[in-house]
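Residues per chain, in single letters:
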Amino acid sequence: QVQLVESGGGSMQAGGSLKLSCVASGYSDNMHCMGWFRQAPGKEREGVAVIDSGGSASYADSVKGRFTISKGNAENTLYLQMNSLKPEDTGMYYCAARGGFNCPLDQNRFGYWGQGTQVTVSS
């Protein structure tokens, strides 16, 4: 079974930076698409960024130019570098994975999820 564990969340003032990490285990070598999703207070869960097996990434318009998704040297690691943080970035951030080769920014297409890590950005 695929397991995902996130870390790196915390509190930060607006304009600051945080880097989230995700480590996959189990049959993670078959996960060709991985991504980050978040849920802000009072809002639905939304896609933040995804990256496919070839390294191509897609971002939500709200984070484009500020966030960067990447894989580590080990294929079972995933990162989200978050710069120029805004209060609206506050929420629970989840690492997710799917086995298909398509990599949509759509939470409904991902079957494996981490427990989440909290990110709080103050003004």
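Look a little higher up for the structure.
Reference entry: report on the structure contained in this document. (Residues numbered from 1 in each chain as written. Predicted model: local features only at pLDDT ≥ 70, side-chain atom pairs only at ≥ 80, totals over all residues. Heavy atoms only, no water.)

Attention now goes to the overall build of the protein. Helix and strand counts for the protein come out as 0 helices and 11 strands. Along the protein, helices (α) and strands (β) appear in the sequence β-β-β-β-β-β-β-β-β-β-β when read from the amino end. Radius of gyration (C-alpha) of the protein: 13 Å, near the 14 Å computed for a compact globule of 123 residues. Partitioning the contacts of the protein with sequence separation of at least 6, the portion at a separation of at least 24 is 60%. (Helix = DSSP H or I, 4+ residues; strand = E, 2+ residues; numbered from the N terminus. Rg over C-alpha atoms; globule rule 2.2 N^0.38 Å. Contact = heavy atoms within 4.5 Å.)

Time to look at the state of the cysteines. On inspection of all chains with the given rule, the structure shows 2 disulfides. With a sulfur-sulfur separation of 2.1 Å, Cys22 is cross-linked through a disulfide to Cys95. Residues Cys22 and Cys95 are joined through a disulfide that is left-handed, its torsion about the S-S bond being -75°. Of the two residues, Cys22 is situated in strand 3 (residues 18-25) and Cys95 in strand 9 (residues 91-98); the sequence distance between them amounts to 73 residues. Residues Cys22 and Cys95 agree in their burial class; the two are buried. The connectivity of the disulfides in the protein is 1-3, 2-4, where the numbers refer to bonded cysteines in sequence order. (Disulfide = S-S within 2.5 Å. Buried < 20%, exposed > 50% of the residue type's maximum accessible area, 1.4 Å probe, protein only.)

Here a ring pair, both rings aromatic, is described through the centre-centre distance and the interplanar angle of the planes. Summed over all chains, the structure comprises 4 aromatic pairs. Ring geometry for Phe37 versus Phe110: centroids 5.0 Å apart, planes at 70°, classification edge-to-face. You can see Phe37 sitting in strand 4 (residues 33-39) and its partner Phe110 sitting in the loop between strand 9 and strand 10 (112-113), a full 73 residues away along the chain. When sorted by exposure, Phe37 lands in the same class as Phe110, which is buried. Through successive ring pairs, a cluster of aromatic residues spans Phe37, Tyr94, Phe110 and Trp113. (Phe/Tyr/Trp six-rings, centres within 6.5 Å; stacked < 30°, edge-to-face > 60°.)

With that out of the way, let us pick up the pattern of salt bridges. Applying the stated criterion to the full structure yields 4 salt bridges. Between Arg38 and Glu46 there is a salt bridge whose closest N-O contact spans 2.8 Å. Close ionic contact of Lys64 with Asp61 constitutes a salt bridge, the shortest N to O distance being 3.5 Å. Residue class for Asp61 comes out exposed when judged on its relative accessible area of 68%. Each member of the salt-bridge network shares a partner with another, and the members are Arg38, Glu46, Arg66 and Asp89. (Salt bridge = Lys/Arg side-chain N within 4 Å of Asp/Glu carboxyl O.)

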